[in-house]
Amino acid sequence: MKVAIIGPGALGCLLAASLTIKLDQSRDVNPALDLWLLDYKPERARYLKENGLILEEGNQKKTCRINATVDPQEIGPADIIILCVKSPQVAAGLQLAAKLVQEDTLLVTLQNGIGHLALLKNRQKLPPIVLGVTAQGANMVAPGHVCHAGDGLTRIGFLKSASFTRSLLLAKVCNLLNYGGIETVIVDNILDYLWSKLLINTGINALTAIHRCPNGRLLESADTKEKLSAAVREGEAVARALGIELADDPLAITLDVCRKTAQNLSSMLQDVNRKRPTEIDAINGEIAAAGRRLGIPTPVNDALIKKVKEIEQAY
Ligand code: PAF
């Protein structure tokens with residue numbers, strides 16, 4: 001089975017290393033896995049090809065060889081494509097994905113926010129799309145060196161009901177990820193889960209990027225806790241108006257994630273620290289835009305967007 005992971009960031013490297021290491025250990029029971037990392041930076045792809053990946057878990061470090069390239073033709077048609085780029089790079093990632101498609105390819109997208117949904121709708125030449133939401137925690141220590149900061153469930157599912165053949169393919173993806181140690185379940189309401197994660201990111205990411213603090217610190221000041229709560233409540237109002245079914249109280253979940261990931265630097269703060277474009281448009285930006293369409297005010301999200309954009313402009 002040929003699997004192409006697009007984007008050797010933290011999540012891409014975590015998946016590539018976990019799948020390679022764990023499936024290699026159970027080679028007898030699993031079909032051969034032909035796994036590739038597709039990058040857009042030639043120097044990094046060369047580095048990964050020569051040096052492989054390091055997966056750090058607790059005080060253990062494991063290494064593995066990896067096929068890495070910038071040339072989709074070197075990979076050829078893939079059975080499964082996993083798009084792990086961040087939201088601002090989705091359009092470029094989809095162009096690469098289109099070059100790997102064959103008749104039964106499945107494309108799995110794993111992004112924060114919901115900015116990629118509009119892009120996926122408008123694309124030609126794309127295979128059936130599986131949306132994913134993951135609670136895996138990972139961060140890059142150096143190129144190709146990923147630290148697995150915490151396990152969490154990954155949910156995958158089609159946006160619309162799918163044919164029997166496609167459902168079988170989806171089950172294949174799910175099995176592959178589980179064999180590779182990434183606990184995964186198939187859900188039939190993936191959009192609800194995307195929104196549920198979106199609301200967590202709405203409350204945490206921008207505020208941590210603005211205040212340059214780990215997630216837990218947001219709960220230590222009345223001001224940041226109030227802003228976090230208001231941003232999530234605005235998002236919740238928008239979600240409910242759109243008919244999204246939120247299983248639990250999004251604010252309670254966000255506060256809980258904040259406590260459980262107290263020491264984490266959010267992905268947006270990491271972007272700001274490295275002077276990279278953030279996912280503000282795909283997270284708070286989507287809440288504010290939907291709010292405008294629905295006539296639901298989102299003043300706290302608007303203010304967070306403005307501040308994060310100012311930070312980006314000052315890079
Ligand atoms: O984007 C992130 O950093 C993560 O989704 C989360 C849950 C906020 C933890 O840091």
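As shown above, the structure is provided for reference.
Residues numbered from 1 in each chain as written. Predicted model: local features only at pLDDT ≥ 70, side-chain atom pairs only at ≥ 80, totals over all residues. Heavy atoms only, no water.

*Asks:* Please provide a residue-by-residue account of the overall build of the protein chain, values included.
*Replies:* Tallying secondary structure elements over the protein chain gives 12 helices and 12 strands in all. For the C-alpha atoms alone, the extent of the protein chain along its principal axes is close to 55 × 45 × 35 Å. Residues counted as buried form 52% of the 315 residues belonging to the protein chain. Within the protein chain, residue pairs in contact and separated by at least 24 positions form 72% of the contacts whose partners lie at least 6 positions apart. For the protein chain, the accessible area works out to roughly 14800 Å², and carbon and sulfur atoms hold 51% of it. Computed over 36 positive and 33 negative side-chain charges, the inter-centroid distance for the protein chain is 4 Å. (Helix = DSSP H or I, 4+ residues; strand = E, 2+ residues; numbered from the N terminus. Buried < 20%, exposed > 50% of the residue type's maximum accessible area, 1.4 Å probe, protein only. Contact = heavy atoms within 4.5 Å. Areas by Shrake-Rupley, 256 points an atom, 1.4 Å probe, with all protein chains shown as cover. Lys, Arg positive; Asp, Glu negative; His and termini not counted. Charge placed at Lys NZ, Arg CZ, Asp CG, Glu CD.)

*Asks:* So what about the site of the ligand? Which residues, and what values?
*Replies:* Around the ligand sit Asn112, Lys197, Asn201, Asn205, Asn215, Val257, Asn264, Ser266 and Ser267, and those are all the residues in its vicinity. Here an oxygen atom of the ligand and a side-chain polar atom of Asn205 are 3.0 Å apart. Measuring from an oxygen atom of the ligand, one finds a side-chain N or O atom of Asn215 at 2.9 Å. In isolation the ligand has 290 Å² of accessible area, and contact with the protein removes 84% of it. (Near = heavy atom within 4 Å. Polar contact = N/O pair within 3.5 Å; in protein donor to acceptor, adjacent residues only side chain to side chain.)

*Asks:* I'd like a rundown of the sheet that holds strand β7 (residues 106-110), residues and numbers included.
*Replies:* Sheets are built from strands paired through backbone hydrogen bonds, the pairs being either parallel or antiparallel. Pairing within the open sheet is mixed, and its 8 strands lie in the order β5-β2-β1-β6-β7-β8-β11-β12. Every other strand in the sheet has two partners, leaving β5 (67-69) and β12 (184-186) as the edge strands with one partner each. Here the average twist between neighbouring strands, direction ignored, is 25 degrees. Judged from the 3 bridges that link them, strand β2 (residues 34-38) and β5 form a sheet pairing that is parallel. Across the sheet, the residue bridging to Leu38 is Thr69, located in β5. (Pairing = 2+ DSSP bridges. Axes fitted to C-alpha atoms, helices over the stretch in contact; angles between N-to-C directions.)

*Asks:* Describe helix α6 (residues 164-179), naming the residues involved and giving the relevant values.
*Replies:* Look at α6: 22 Å from first C-alpha to last across 16 residues, which is about the 22 Å you get at 1.5 Å a residue. What α6 keeps buried is the set Leu169, Leu170, Val173, Cys174, Leu176 and Leu177. The buried residues of α6 occupy an angular sector of 160 degrees when projected down its axis, which confines them to one face. The first or second residue beyond α6 is Gly181, which carries a positive phi of 85 degrees. (Expected span 1.5 Å × (residues − 1). Arc of directions from axis to C-beta.)

*Asks:* Can you lay out unusual backbone geometry for me, pointing to particular residues and giving the numbers?
*Replies:* Positive phi, normally seen in glycine, also occurs at Arg212, with a value near 50 degrees. Looking at the element boundaries, Arg212 is found in the loop between α7 (190-211) and α8 (222-241).

*Asks:* Lay out the nonpolar core in plain terms, naming residues and giving numbers.
*Replies:* Among the nonpolar cores identified, the biggest contains 58 residues, and Ile6, Leu100, Leu107, Trp195 and Leu228 are the most heavily contacted of them. Per-element tally for this core: the top contributor is α7, with 11 residues. Contact partners of Trp195, with chain neighbours within four places excluded, come to Ile114, Gly235, Val238, Ala239, Leu242, Ile244, Leu246 and Ile287. Core analysis: the next-biggest nonpolar cluster, separate from the first, contains 38 residues, Leu14, Leu48, Val146 and Phe158 among them. (Core = buried A, V, L, I, M, F, W, Y, C linked by side-chain atoms within 4.5 Å.)

*Asks:* Please set out the pattern of salt bridges residue by residue, giving values where relevant.
*Replies:* Inspection of every chain in the model, using the stated rule, returns 12 salt bridges. Lys86 is the partner of Asp271 in a salt bridge, and the nearest nitrogen-oxygen pair spans 3.1 Å. Taken together, the residues Asp271 in helix α10 (residues 267-273) and Lys86 in the loop between β6 (80-83) and α4 (90-98) connect sequence positions 185 residues apart. A salt bridge links Lys227 to Asp223, with the nearest nitrogen and oxygen atoms 3.2 Å apart. Of the two residues, Lys227 and Asp223 both sit in helix α8, 4 residues apart, roughly one turn of that helix. Look at Lys227 and you get partly exposed, because its relative accessible area is 30%. (Salt bridge = Lys/Arg side-chain N within 4 Å of Asp/Glu carboxyl O.)

*Asks:* Explain the sheet that holds strand β9 (residues 137-142) to me, and be specific about the residues and the numbers.
*Replies:* Ordered in space as β4-β3-β10-β9, the 4 strands form an open sheet in which the pairing is mixed. Either end of the sheet is taken by a strand with one partner, and the two such strands are β4 (60-64) and β9. Strand-to-strand twist of the sheet, defined as the mean angle between neighbouring strand axes without regard to direction, takes the value 25 degrees. Relative to β4, strand β3 (residues 53-57) runs antiparallel, the two sharing 5 bridges. Each bridged residue has a counterpart across the sheet, and for Glu57 the counterpart in β4 is Gln60.

*Asks:* Can you explain the pairing of strand β10 (residues 145-150)? Please cite residues and give values.
*Replies:* As paired strands, β3 and β10 are joined by 3 bridges and run parallel to one another. Among the inter-strand pairings, Ile54 is bridged to a residue of β10, identified as His145. When β9 meets β10, the two strands line up antiparallel, connected through 5 bridges. What sits directly across from Met140, in β10, is Val146.

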